[in-house]
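# Chains, contacts and geometry: an overview
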Amino acid sequence: MEKIIAVDGLKKSFGRLEVLKNVSCDFARGGVVSILGPNASGKTTLIKSILGMVIPDSGNILFKGNSILNTFDYKKHIGYMPQIGHYPDNMKIGQLFKMVMDIREQDAVDTDLLKAYQLESMYQKTMRTLSGGTLQKVSAALAFMFDPDVLILDEPSAGLDPLAAEALKEKILEEKSKGKLVLVTSHILSEADEISDQILYLFEGQIKFYKTLADLKQETGEQKLSRALTKILSTPSC
Amino acid sequence: MRSLIVKIGLLFIMPLPAWANTIIVAPGTNVATIKLAVTIARNGDTIRVKKGTYISLNTLIDKELTILGEGRPVLDARFQEEVLTITSGHVKLDGFVIKNSKTGSMRDFAGIRLSNVEFVTISNNTLINNFFGIYLSNCKHIRVVNNHVTGSNNIENSGNGIHLWKCKEILLNGNYVTRHRDGIYFEFAKKCLIENNFSEKNIRYGLHFMFSDDDTYRHNTFKNNGSGVSVMYTRRIAMLDNTFIENWGSSIYGVLLKEITDARIEGNHFIRNTTGIYMENSDRITVTHNDFISNGWAMRVLASCNKDHFTQNNYKGNSFDVTTNGTLKEIYFNDNYWDKYEGYDLNRDGTGDIPYRPISLYAQIIEQNPQSVMLMRSFIVNLIDKVERAIPSITPESVKDNKPKMKPWKR
Amino acid sequence: MLKIAKYIILDIVRSKVLLAYTLLLLAISLTIFMSDADVTKGLVSITTVILIIVPLVSIVYATTYYFNAAEFTEMLVSQPISRRAILLGKFIGISSSILLAFIIGVCIPVALFAFSLTGITLMVSGCLLTLSFISLAFLTSTITRDKAKGIGLALMLWFYFSIIFDGLVLLFLTLFADYPLEKVMIVLTALNPIDLARILILLQLDISALMGYTGALYQQFFGSGIGIVFSLLMQLVWTLVPLLFALKIFKKKDL
């Protein structure tokens, strides 16, 4: 499969704390990659590096073969859903969507989630009045809105009600089937189990392993991701 | 005051002799110069001078004549001599353009010189580019009215516009003086009335006098003169309803008073001068009904002044109201309006209930350290001024207006 | 850049804080002009007030807004738009909103009640003062990571420029009273945007007094247009330089 993102020798420290220690990995089209790992293992930093929010100390990231350092055009092909969405207090939902359309100079081509979450009826509500869950729905809808090649979702189901989480999951699978790459960080292993094709496990800033879910289960002989993980992580040889 | 005007006025109503002749002077005729006309004229005759340019090298007028310019004839001395000298009384000179007197450091060459005469009227003349404009020495009962006097603006060598030396009971009315050394200069000129004159952009003083007692100055305007107005060593003058405006610069004053005693300064306007009034060794001065507006310093009263009264004046928009150089004694402020007054009037009688101290601490700091002028209106300066006004410690306790008005005086 | 500015303006104009600031300025201006017939005195009072309030509100509000919008900034960075456009867009958005408050609260009353050269100078220097303190706010916001530190630094800067600086200058002048300090004083003035705004207004209100100063350099500085041009230019420098530094930092900042 075609590589769409290539991470090569990525290093990043915040002060004395080394968050990413020489991380290299490739991501191909048409798959869901779950980035897993304990707290402070570097998951968010890796995502943010790909998005250009964190500037790496060394190493390179290629998007469709071109380095992303000091560029921003490639973000046209990325939809990002942050862990906690936070928007200007007095901005209305409709305005937010309008603004992002303005910035991307793209039209809202994919309104599935907008409809699923019934956001269109709330266009006149201001951000200040929204609950955390609704904000997450807004963020999710924004991420998928422009039919991007790559979706990066940071803890997507945190704060979403079960129905909304389910809708999101279905959306992810649908996009994957269209040949999109979906990068997801998550703490909820059952969720990762359901949607993932591959698992990237980070530990203390390094890749512990990066395997297909099927391989992982086969190697460990387990049927569930959570059990497979427990098993593989307890063997020191990895 | 009024008696003085009447007196001067009466003296000029002179019955004309019935046998008076009229002599016409015109270019290209038999009588082509004023000099010739004066030679053939007798006392009481009238000389009418037609339009044209006449060379006039110190033309002497030694007979009682009325000399009238018709169509503004020009008398030109071509920088070789004085233009006109009048040595006879009862002369009237009207309607001429008088220009280009000689300039020199040995003698005071003038456009029109009056010497030891009485009852002369100089009116409606235009003087251009003369060393001195109108020069009166040892004269009495002279009227200088509605003349327009423009000097050469030569900074090194320029005389005065209207110059009086040792004169008495002179009327200056409606004259305009500019570009001379001093606009109006008096030395030993007593009991004169100076009114409705406009003196501006002179190199040194708009008005300058010394030893000139009992003069009255009213409704004059002194504007933007190189060094403002300076008056010294004089008693019993009255300065009424004059305007002193835009006299800017260090040691430039709207009015500088030095050794002036028993003067009345009333109803004047001091507007946008660096210093409105500067007073040194001046005693028994009453300063009332004046407006001090947007001056740098409304007044600088030196410690050498005594028994001066400042009442019913308006102080508005001045950077500083009053400064001094030491301890003021017997200087009285009362019933003035100060726009910086922040007191209250609980009994609503129009007078503030706490005294106003016109000398601010910052004004005294600037007195010591002029460079701190850059900090004017800064928060820190406002703060120390407020503290000082609340608890006076450095500014003189005695200088205060016990009855500051809450609203400006309406004029 | 302008797109972002547009949406930030739409957001801020609906904020209660900005409304409160506008009303405060308006109340001050109207009270001063209504209670006193003397226009010049009114301008003097307004000057005193705006030299304190405008820098304070500008720097604190801009810093607070910057930090409150931190996640929003992250979201913007994830979009295909340069960081430069984001920061400048924010600057234009925030500064035009605060300027709008100043224009409604001060400029319009001044134009109605005291339209004069002094009035115009007051408006212009107030606007420049607003811009330079928002620019400083951007600098404090980009060099600090958390909100408390950022606002603390903003307050310290305000306190320093509005009070401490002039106090130090006064002390300095008193200690070195015997030395010619004209050049030094002009340089010192240029180091404080509030002093620059103040000098601009002084040149209108107190030119009569300023002309009384003997030094040739001051005479030239105050008497010709040099003082005005110098103050205006330095105000612009105070707007541009902190913003450029903020931009430089922001381009390399991890969000």
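Before any of the text, the structure's been laid out above.
Notes on the structure follow. Keep in mind it's a predicted model, so treat the numbers as computed, not measured.

### Considering the sheet that holds strand E3 (residues 31-36) of chain A
Residues and elements named next belong to chain A. The strand order E6-E7-E8-E3-E9-E10 describes an open sheet built from 6 strands, whose pairing is mixed. The open sheet is flanked by strand E6 (78-81) and strand E10 (206-212), the only strands paired with a single partner. Geometrically, the sheet is characterised by an average inter-axis angle of 15 degrees between neighbouring strands, direction not taken into account. Its contacts with the sheet put helix H8 (residues 225-234) on E3, strand E9 (198-203) and E10, and the angle it makes with E10 is roughly 135 degrees.

### Focus: the nonpolar core
Ranked by internal contacts, the top residues of the largest apolar core, which has 130 residues, are Ile5(A), Phe27(A) and Leu96(A). Residue contributions to this core peak at 13 residues, all from helix H5 (residues 83-113) of chain C. Once you skip the residues sitting within four places of it in the chain, Leu96(A) turns out to touch Tyr87(A), Met91(A), Met127(A), Val138(A), Leu142(A), Phe72(C) and Met75(C). Core analysis: the next-biggest nonpolar cluster, separate from the first, contains 80 residues, Val31(B), Tyr54(B), Phe209(B) and Ile359(B) among them.

### Some thoughts on the environment of Ala298(B)
Within the fold, Ala298(B) resides in strand E33 (residues 297-301). A sequence separation of 18 residues divides Ala298(B) from Lys316(B), and the C-alpha atoms of the two residues are 8.9 Å apart.

### Focus: the interface of chain A and chain C
For interface size, the figure often reported is the accessible area lost on association. Counting residues at the interface gives 32 residues for chain A, matched by 28 residues for chain C. Carbon and sulfur atoms supply 59% of the area that chain A and chain C bury against each other, a total of about 2600 Å² over both sides. Counting the surface chain A buries against chain C, the share from its top three residues, Met53(A), Asn90(A) and Ile103(A), is 24%. Note that Glu74(C) and Lys48(A) form a salt bridge whose closest N and O atoms lie 3.6 Å from each other. Scanning the region where chain A abuts chain C turns up 15 residue pairs in polar contact (both at pLDDT 80 or more). For the side of chain A that touches chain C, the elements supplying multiple residues, two or more each, are strand E1 (3-14), helix H1 (43-51) and helix H2 (93-104) of chain A. The leading source of residues in the side of chain A that touches chain C is H2(A), at 8 residues. Tallied by class, the residues present in the side of chain A that touches chain C amount to 16 nonpolar, 4 polar and 12 charged.

### Some words on helix H4 (residues 70-77) of chain C
Among the 8 residues in H4(C), 6 count as buried, and that is most of the element. All buried positions along H4(C) are accounted for by Phe72(C), Thr73(C), Glu74(C), Met75(C), Leu76(C) and Val77(C). At its buried positions, H4(C) is contacted by H1, H2 and helix H4 (132-145) of chain A together with helix H1 (2-12), H5 and helix H12 (226-251) of chain C.

About the criteria used
- Residues numbered from 1 in each chain as written.
- Chains lettered and ligands numbered in written order.
- Predicted model: local features only at pLDDT ≥ 70, side-chain atom pairs only at ≥ 80, totals over all residues.
- Heavy atoms only, no water.
- Pairing = 2+ DSSP bridges.
- Helix = DSSP H or I, 4+ residues; strand = E, 2+ residues; numbered from the N terminus.
- Axes fitted to C-alpha atoms, helices over the stretch in contact; angles between N-to-C directions.
- Contact = heavy atoms within 4.5 Å.
- Core = buried A, V, L, I, M, F, W, Y, C linked by side-chain atoms within 4.5 Å.
- Buried < 20%, exposed > 50% of the residue type's maximum accessible area, 1.4 Å probe, protein only.
- Buried area = accessible area lost by both parts, 1.4 Å probe.
- Salt bridge = Lys/Arg side-chain N within 4 Å of Asp/Glu carboxyl O.
- Polar contact = N/O pair within 3.5 Å; in protein donor to acceptor, adjacent residues only side chain to side chain.
- Nonpolar A, V, L, I, M, F, W, Y, C, P; charged D, E, K, R; others polar.

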